[in-house]
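Architecture at a glance
One letter stands for each residue in the lines below.
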Amino acid sequence: MSSLWEYANPQKFMGLSGRMLPWTAALSSLCLTTGLIWGFFFTPDDFRQGSTVRIIYLHVPAAMMAINAWVMMLVASLVWLIRRHHVSALAAKAAAPVGLIFTLIALVTGALWGQPMWGTWWAWDPRLTSFLILTLFYFGYIALWSAIEDPDTAADLTGVLCIVGSVFAVLSRYAVNFWNQGLHQGASLSLDRQENISDVFWFPLLVCIAGFVLLFVALVLLRTRTEIRARRLSALLARERMG
Amino acid sequence: MIALLIRDLRLAVRAGGGFGLGLAFFLLVAVLVPLGVGPEGRVLAMIAPGILWVGALLACLLSLDRIFALDFEDGSLDLLATAPIPLEGVVAVKALAHWLVTGLPLTLAAPVLAVLLNLPVSGFGWLVLSLAIGTPALSVIGAFGAALTVGLKRGGLLLSLLVLPLYVPTLIFGAEVVRRGTAGLETGTPLALLAAITLASAALLPFAAAAAIRVNLR
C-alpha cells in the first residue's frame, strides 16, 4: 500500500505531477471555457443587477481560491516544518504568487462590479478590507522568500511567517467585522441555507469554481516542478564548481 | 533575565538615537496631520483616536530592527542563544525592554499630543488605557518580525512589510476603544479583545520568534 508521503520524494513527485499536469490543465481549460461561455452568454440577467451579475463567474471562484491557496500554503508549511519534505516547502513557495494573483483578480473584478452597483470602486467593507489585508500578507510572504538566499532558511522562516500570519489573518477578518458594517452581500452558495442563488446561475458557477480549482492545481504543479528543476540545476552547478 | 533587561535598557538609553527617536516621531506625526488636513477642531477630534494609534504604531515600528540586529552583528545573540536561559525568555525580555523604551513613553506622552489633536478630555483616560494595554502587543509582534529578518542585510523595509499586516487587529481594537470611550459608549468588548491579543501574543509569539532566531543563527 503506497502512502501519500511517498510523493515527498522529488523523483516520485516529478513522475506523478508530470502525468497529472496535462490532465488538470486540459480539464481546467475545458471547465473554464464551458463555465464562462455558459455564464456569460446563456444565463438570464439578474432582475436587479442586470448583466453585471455575470462577473460572479470570475469573482467568486477567484476569491474562494485566494483563501484556499493560503490554506494550502499553511498546510504545506506545516508539513515542511514538521517532516522536512523539500517538495512541500517548494509547493508553498510556488502557490504564493498564484494565490496573490487570485486575490488581485477578486479585488479588481469586485471593484468593476461595485462601480455600477454600489456607485463606488471601493468601500471599507469588512470583506473588501480583509481581502486587502490578505494581499498584504501575500506580498510579505513572497518578499521574505525572495529576500533570503539560503533556500532552507527561507523555507523555515516563511513557514513560521505563514503560520503566524494565518492566525493574524483570521483575527483581522473578525476584527474588521467589528470595525465596520458590511456592504457586501452575504454568502449565497451555502449548502445549508434556505435562500440561495438560483440554479440558473449556480450550475455555470459550479463549473467555473471547478475550473479555478483545477487551474490552481495545474499552476502549482507546474511551478513546483519548475522550482524542483531550478533546485537540481543549482545543485549541479555547485557540484561542477567544486569538481 | 533581569540582568539582560537592565543591559538592554541601558543600551537603549545610552547608545543614542533609539530612545527619544520614537517619541519625536510620534510628536511629528501629531504635528503634521493638522498641517495636512487643516486646523478645524471638529475634524481633528474625529480622526484623533485613529491618528494617535497609527502614530504610536509607526513610532514603534521605527525601532524594531534594533531589537536583535545589533546583538546579531556583534555576536552577542549567539551567546544569548547558548546561555542557560531559554531563547524564548530572551525574546520576551527583549520585547519587554523594547516596550519600556518605546511603548511606555508613547503611552505617557499620548495625552499631550491628544491636546494638539483636539481630542475631547473624556477620551484621554481611554487613550492612555488602550495604549497601555495595546502597545505591549506591538512590541511582541515586532520582536517576532525582527527575529524573522535579523539575518538580512537590508531587513528594515521588509520588516515593515511583514509586521504592519500583523498590527491590523491591535490597531482596530485600540482605536475603537478610544473612539467609543470618547463618545461615551460601552468599551468593554474592544478592551477585552485588545487585552486578549496582547496576552496571547505575549504567550505564544516568543516561541515563534525564538524558532526564527534559531534558524537565522544556524
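Keep in mind it's a predicted model, so treat the numbers as computed, not measured. (Residues numbered from 1 in each chain as written. Chains lettered and ligands numbered in written order. Predicted model: local features only at pLDDT ≥ 70, side-chain atom pairs only at ≥ 80, totals over all residues. Heavy atoms only, no water.)

1. Thoughts on the layout of surface pockets
All names here are of chain A. Put simply, the second largest pocket is a space of about 550 Å³. What lines the second largest pocket is a set of 20 residues, among which Leu 4, Tyr 7, Phe 13, Val 87 and Ala 91 lie closest to the centre. For the lining of the second largest pocket, the elements supplying multiple residues, two or more each, are helix H1 (10-41), helix H2 (56-83), helix H3 (86-118) and helix H6 (199-242). Looking at the lining of the second largest pocket residue by residue, the classes come out as 16 nonpolar, 4 polar and no charged. (1 Å grid on protein atoms, 1.4 Å probe; cavity = no way out; pocket = protein on both sides within 12 Å on 5 of 7 lines; lining within 4 Å. Points joined across faces, edges and corners; volume = space filled by probe spheres on them. Helix = DSSP H or I, 4+ residues; strand = E, 2+ residues; numbered from the N terminus. Nonpolar A, V, L, I, M, F, W, Y, C, P; charged D, E, K, R; others polar.)

2. Observations regarding the nonpolar core
Judged by nonpolar contacts, the single largest core of 107 residues is most densely connected at Met 73 and Tyr 141 of chain A together with Phe 68, Phe 144 and Tyr 167 of chain B. It is helix H7 (residues 124-148) of chain B that provides the largest number of residues to this core, a total of 12 residues. When residues no more than four places from it in sequence are discounted, the contact partners of Tyr 141 of chain A are Trp 70, Met 73, Ser 77, Ala 92, Lys 93, Ala 96, Thr 158, Leu 161 and Cys 162 of chain A. If you look at the next biggest cluster of nonpolar residues, it comprises 11 residues, including Val 53, Ile 56, Ile 197 and Trp 202 of chain A. (Core = buried A, V, L, I, M, F, W, Y, C linked by side-chain atoms within 4.5 Å. Buried < 20%, exposed > 50% of the residue type's maximum accessible area, 1.4 Å probe, protein only. Contact = heavy atoms within 4.5 Å.)

3. Observations regarding the UniProt feature "transmembrane region" (unreviewed entry) in chain A
Residue and element names in this part refer to chain A. UniProt's feature table lists "transmembrane region" (unreviewed entry) at residues 21-43, 55-82, 94-113, 128-148, 160-180 and 200-222, given in the numbering used throughout. Secondary structure over residues 128-148 splits into 95% helix and 0% strand, and the C-alpha atoms at its two ends are 31 Å apart. Here residues 200-222 runs as 100% helix and 0% strand, with 34 Å between its end C-alpha atoms. (UniProt positions renumbered as here; feature names shortened; annotations may be inferred.)

4. What to know about helix H8 (residues 156-182) of chain B
Note that an α-helix has 3.6 residues per turn; residues three or four places apart therefore point the same way. Residues and elements named next belong to chain B. Bending of H8 peaks at approximately 40° at the position of Tyr 167, with proline Pro 169 no more than four residues after it. When you tally the buried positions in H8, you get 21 out of 27 residues, the bulk of the element. Gly 184 sits one or two residues past H8 and shows a positive phi near 80°. (Bend = angle between axes of the 7 residues up to and from the residue.)

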